[in-house]
Amino acid sequence: MSEPMCRSRQLTVPARPENIDAVHDLIASLWAQRPELPAENRLRFETAVIEVANNIVKHATARSAGVPEVTIELTLTATADRVTAHFRDDGGPADIDLAGSRMPDVMAEYGRGIALTGALVDEVIYERSGSANIWTVTCQRSDRSQP
Amino acid sequence: MMEFPTRTLDNGVQVIRPVQRLNMVAAPRLSAAVESLITAGHARIVIDLSGIEFIDSSGLGALVSCLKKARQAGGDLRISGPTAHVQTILKLTNLDRVLQPVPTAEIAAAAF
């Protein structure tokens, strides 16, 4: 039998701290559909996705004068060999240097999120598209050989 | 009222045990709980992470903040019982250099 092609889950919420749990719940619902995904991949993906969501929430108010409330649209997609998170938000442009992000001093209380995200998954992309921020987080299954 | 279960070991060390997720919602609460222990005169603290299934950079920041506050008050802070995934996160962020995890709160407390 062929493998199910693709599973996806979608969520639209205001960019508020209390909605981070809804992102965790959406990820859990994706795992319920794809129980075969290795645990280490799940945890790495979940952590990276939450870091991006944190970043959007933390900076939503500061950067977004003129927008009454920033909205996050999140789509999670699982295929046979990878899981992907696609974020779109209508906040102001993110001042992010993905390539140049480094882990801060060990005694720093802030500033690990982006560097940690990059260390956890295979690919993190940020782009500004019109008046929206687009984030894509991709994690390949570690138990599948690459083509 | 304490939001996280806390116990006192024989040598006076306080053990606080957050559970489930240490994220941007729970992290400030943990910092506040540890701060109230320190204010009450308890600056030797173990954070028992055995019930934590998920930690992000907010949670890591709270651990560092708690460590600094305990040291400023003349005490110290240790962590115990992290899952394999939490250990991975500590390693990736180099935090295992300043917060070296041990298996149990009792082992952590014995080293004070």
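Above: the structure in question.
What this report covers is the structure whose coordinates are included nearby. (Residues numbered from 1 in each chain as written. Chains lettered and ligands numbered in written order. Predicted model: local features only at pLDDT ≥ 70, side-chain atom pairs only at ≥ 80, totals over all residues. Heavy atoms only, no water.)

## Here we look at the pairing of strand β4 (residues 44–48) of chain B
Residues and elements named next belong to chain B.
Working step 1: The buried fraction of β4 amounts to four of the five residues, a majority that puts the element mostly inside the structure.
Working step 2: Looking at chain direction, β4 and strand β6 (residues 76–80) are connected through five bridges and run parallel. From the neighbouring strand, I45 faces β6, where its bridge partner is L77. (Buried < 20%, exposed > 50% of the residue type's maximum accessible area, 1.4 Å probe, protein only. Helix = DSSP H or I, 4+ residues; strand = E, 2+ residues; numbered from the N terminus. Pairing = 2+ DSSP bridges.)

## Thoughts on the pattern of salt bridges
Residues and elements named next belong to chain A.
Working step 1: Applying the stated criterion across every chain, the model contains 15 salt bridges over all chains.
Working step 2: With a shortest N-O distance of 2.8 Å, R16 and E69 are connected by a salt bridge. Here R16 is found in the loop between β1 (6–14) and α1 (20–33), whereas its partner E69 is found in the loop between α2 (39–63) and β2 (71–79), with 53 residues between them in sequence.
Working step 3: A residue is classified by how much of its surface remains accessible, and R16, at 33% relative accessible area, is partly exposed. (Salt bridge = Lys/Arg side-chain N within 4 Å of Asp/Glu carboxyl O.)

## Quick word on the interface of chain B and chain A
How big an interface is tends to be reported as the loss of accessible area on association of its parts.
Working step 1: Chain B puts 25 residues into the contact, and the matching count from chain A is 25 residues.
Working step 2: For the pair chain B and chain A, the summed buried area comes to about 2,200 Å², and 65% of that belongs to carbon and sulfur atoms.
Working step 3: Run the count over chain B and chain A and you get three salt bridges.
Working step 4: As a salt-bridge pair, E109(A) and K68(B) come within 3.1 Å of each other at their nearest N and O atoms.
Working step 5: The tally of links between chain B and chain A comes to seven residue pairs in polar contact (both at pLDDT 80 or more).
Working step 6: For the side of chain B that touches chain A, the elements supplying multiple residues, two or more each, are β5 (52–55), α2 (57–72) and α3 (84–92) of chain B.
Working step 7: The leading source of residues in the side of chain B that touches chain A is α2(B), at nine residues.
Working step 8: Grouping the constituent residues of the side of chain B that touches chain A by class yields 11 nonpolar, nine polar and five charged. (Contact = heavy atoms within 4.5 Å. Buried area = accessible area lost by both parts, 1.4 Å probe. Polar contact = N/O pair within 3.5 Å; in protein donor to acceptor, adjacent residues only side chain to side chain. Nonpolar A, V, L, I, M, F, W, Y, C, P; charged D, E, K, R; others polar.)

## Quick look at the sheet that holds β6(B)
All names here are of chain B.
Working step 1: Read from one edge to the other, the open sheet built from four strands follows the order β1-β2-β4-β6, with strand pairing classed as mixed. The open sheet has two edge strands with one neighbour each: β1 (6–8) and β6. Going across the sheet, the axis of each strand differs from the next one's by a mean of 20°, ignoring polarity. (Axes fitted to C-alpha atoms, helices over the stretch in contact; angles between N-to-C directions.)

## Some details on the packing of aromatic side chains
Working step 1: What the rule picks out here adds up to two aromatic pairs over all chains.
Working step 2: Both rings, one in Y126(A) and one in W135(A), keep their centres 4.9 Å apart while their planes meet at 50°; by these two values the pair is tilted. We note that Y126(A), like W135(A), is buried.
Working step 3: In this structure, R78(B) is placed above the aromatic ring of F112(B), and the distance from its NZ or CZ to the ring centre is 4.3 Å. (Phe/Tyr/Trp six-rings, centres within 6.5 Å; stacked < 30°, edge-to-face > 60°. Lys NZ or Arg CZ within 6 Å of the ring centre and 35° of its normal.)

## Here we look at the side chain of T136(A)
Working step 1: Among the secondary structure elements, T136(A) is positioned in strand β5 (residues 132–140).
Working step 2: The buried category is assigned to T136(A), whose relative accessible area is 16%.

## Here's the deal with the nonpolar core
Working step 1: With 67 residues, the main nonpolar core has F87(A), I47(B) and L77(B) as its most contacted residues.
Working step 2: Here this core takes nine residues from α2(A), the largest share from any one element.
Working step 3: In this structure L77(B) touches V34(B), I45(B), I47(B), L63(B), C66(B), L67(B), A70(B), L99(B) and F112(B), once residues within four positions along its chain are discounted.
Working step 4: L9(B), V13(B), V46(B) and A109(B) belong to the second-largest nonpolar core, a separate cluster that totals seven residues. (Core = buried A, V, L, I, M, F, W, Y, C linked by side-chain atoms within 4.5 Å.)

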